[in-house]
Amino acid sequence: MPIPSKLLKLARPRWLALLVIGLCVGYAIIVLTRVPSWGLPFLALAWVGLAAVFHWGAPASSLTYSPRRWPWALLPIALWGLYLYLAESFGIVDLSAVFFHLQAGMADHGGVSRIGAASFYTLAMIALLASFTWLIRHDHRWRRSEPLLAIVLLVSNPLLYGVGQRGAAIVTKPGAWLERQYVEPILLESPRNPPNLLLLYLESIERTYADRERFGDAYADLDAIGEHGLVYEGIRQVDNTGWTMAGMIASQCGTPLMPAGLLHDRQFSPLEKVVPGVDCLGDLLSEQGYQLTYMGGASVNFAGKGLFYEGHGFDTVLGREELQPLLDDPEYVNNWGLYDDSLFDFSLEELRRLNAGDGPWGLVNLTIAGHAPHGYPAQACLDRQGEFDGTDILYSVECSAWLARDFLERADAEGLLDNTVVVVASDHLTMRVSAWEQLILGERDNTFILLGPGIPQGRVSREAAMMDAFPTILEAMGFTIDWHRAGLGVSLLSDEPTLLEEHGKDFFNARMREEIVLQERLWEGLTPPRQESEPEPEPQEQVVETPEDAIGEEPAAVQ
């Protein structure tokens, strides 16, 4: 059966190239805007229609082919492809996270599920670059305007804008407003009977999920936990606190995590310490005689978690490498590490060990069930909730919340939480997930719940950030701190205004983009000292010895 001539025309290089470009342009529009994904074919057809009207790739001029012409825009297009991949994968592109992970270590990364997407993006970019090159070589109109297009693509790329802004800050070093706001964390007084501390970080389980109109009962178990304690609403995410290590450092050190990568000539050499220039929660509690443990299902080698906790007062640091061999079934793991039901079982054992010891203790725990893009629900949740479709993040949110509640109830039933301050918090807002469009409909905030002796029950709405959690935890434990402040944080148990309440989130973020003095404080000890210009030596007065000055010394021997 002969192939229709119209289909043969569509199979020609011109139309294939234009179709590839159209699909890629349409996809970019969908990622950058709220155009639904089903609009992709229509956007691609619109592009092909414009190409047909204006005869792109087949101009009337006969002097159009340039076989050795390489477009200037190839690199700018590739950089935009990288940005779109990051935006599609994470929702919000955070350059600081990229720099930090490159330097802190990507070993034992659990994002295996993104390898297929990365491979597809790579193939699509190769096809796009080849198609664009064909168009430039066959259409002199595109060839003439292409250098301007390259400039526009470079200038408009958010990746390059962020790098340029940070580079300008490093060169000019303007302002030190953040450094002036920073308060050295000092414990002025300690409680007579220091309480224990249990700090649960629930991966990506932001308080935004508490809206039952949008998300149903996914957050219900955390609401139930909050009924017995103090729930804070309005805990925003400022820049440099939007990934796990950044969220933990913000809530334990009172400062955003501004990476060391662009500060010095070592650039992306592996870190030996993480924020060594500031004292954090572990440092303060260790000095008070606390036995401190960190436990997480993922590897402690990833993103410097082990370096951070070992360098800031923790006695025991346990991750995938230490815990997986202890599982009844060592194969019961996910891409990142242990499932949360296993982690909480081990955490219960650790609570028993800590309670059997002398003196107060602290346990920091990091879950994995809510990790984007789909979560990692444990077998215990599958038994309780039924089949998981592999994509519904609300299933994983419900799983994470229920496991946390079940763990606290089991620990409390054994008396392991007597005289213990319990903190339940999200490490950061979630990245792109199946409920993304619903999440970004309004303001989002982090989970932050306090329970324990002397902590009132209720709900408090404050305009705050995760760095305010640091002094709040200290005061919840009964410690007296200077002016209710630690780092850049202000205790939410006090009436003192937070930096966000005084100055706003946008102002705070702007200061972070334009200053590096506080960043230098964080990494003091890793970065080389500033090169100060040496003062010129003062001219020395010439002394002439006269015979009367001699006192009979022998001349000094030549060394």
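Everything in this summary refers to the structure shown in the same document. As the structure is a computational prediction, the values presented were derived from the model and not from experiment. (Residues numbered from 1 in each chain as written. Predicted model: local features only at pLDDT ≥ 70, side-chain atom pairs only at ≥ 80, totals over all residues. Heavy atoms only, no water.)

## Overview of the packing of aromatic side chains
Spelled out, the test is: Side-chain rings of Phe, Tyr and Trp (the six-membered ring for Trp) are treated as a pair once their centres are within 6.5 Å; stacked means planes under 30 degrees apart, edge-to-face means over 60, and tilted covers the remaining angles. The way it works is that DSSP assigns letters per residue, a run of H or I at least four long becomes a helix, a run of E at least two long becomes a strand, and they are numbered from the N terminus. A ring has a charge above it when a Lys NZ or an Arg CZ is no more than 6 Å from the ring centre and no more than 35 degrees off the ring normal.
Under the definition given, this model contains 17 aromatic pairs. Consider the rings of Y27 and Y121, whose centres lie 5.9 Å apart with planes at 70°: the pair is edge-to-face. One end of the pair, Y27, is in helix α2 (residues 13-32); the other, Y121, is in helix α6 (residues 114-138), and 94 residues separate them in sequence. Aromatic side chains F302 and W336 sit 5.3 Å apart centroid to centroid with 65° between the ring planes, which places their arrangement in the edge-to-face category. Of this pair, F302 sits in the loop between β4 (291-296) and α14 (305-311) while W336 sits in the loop between α15 (320-323) and α16 (340-356); the two residues are 34 residues apart in sequence, bridging distant segments of the chain. Taken together through their ring pairs, the aromatic side chains of W47, F54, W56, F132 and W142 make up a single cluster. Taking NZ or CZ as reference, R137 lies 4.5 Å from the ring centre of W70, over its face. Across the ring face of F507, the terminal group of R511 is positioned such that the distance to the ring centre comes to 5.3 Å.

## Re α16
Rules: In this analysis, the expected span of each helix is defined as 1.5 Å times one less than the number of residues it contains. We call a residue buried when its accessible area falls under 20% of the maximum for its residue type, exposed when it is over 50%, and partly exposed in between, using a 1.4 Å probe and counting protein chains only. Only heavy atoms enter the contact rule, under which two residues are in contact if any of them lie within 4.5 Å.
In this model, α16 (17 residues) spans 24 Å end to end at C-alpha, consistent with the 24 Å of a helix rising 1.5 Å per residue. Regarding α16, the residues found buried are D340, D341, S342, L343, F344, F346, S347, L348, E350, L351 and L354. Structurally, α16 contributes buried residues whose contacts are with β2 (196-202), β4, α15, β6 (361-366), α17 (379-385) and α18 (393-413).

## Regarding the packing of helix α12 (residues 244-253) against helix α20 (residues 469-476)
Let me state the cut-off plainly: Axis definition: a line fit to C-alpha positions, over the contact stretch in the case of helices; interaxial angles, taken between N-to-C directions, run 0 to 180 degrees. Angle categories are assigned with fixed cut-offs, so that under 35 degrees is roughly parallel, over 145 is roughly antiparallel, 65 to 115 is roughly perpendicular, and the rest are oblique.
Remark: α12 packs on α20, axes separated minimally by 5 Å, with the N-to-C direction vectors making an angle of 50°. The orientation of α12 relative to α20 falls into the category oblique. Every residue of α20 that contacts α12 at A250, S251, Q252 and C253 is listed here: A469, F470 and I473.

## Here's the deal with the side chain of N509
Relative to the helices and strands, N509 is located in helix α22 (residues 505-514). The contacts of N509, once residues within four sequence positions are left out, are V238 and D239.

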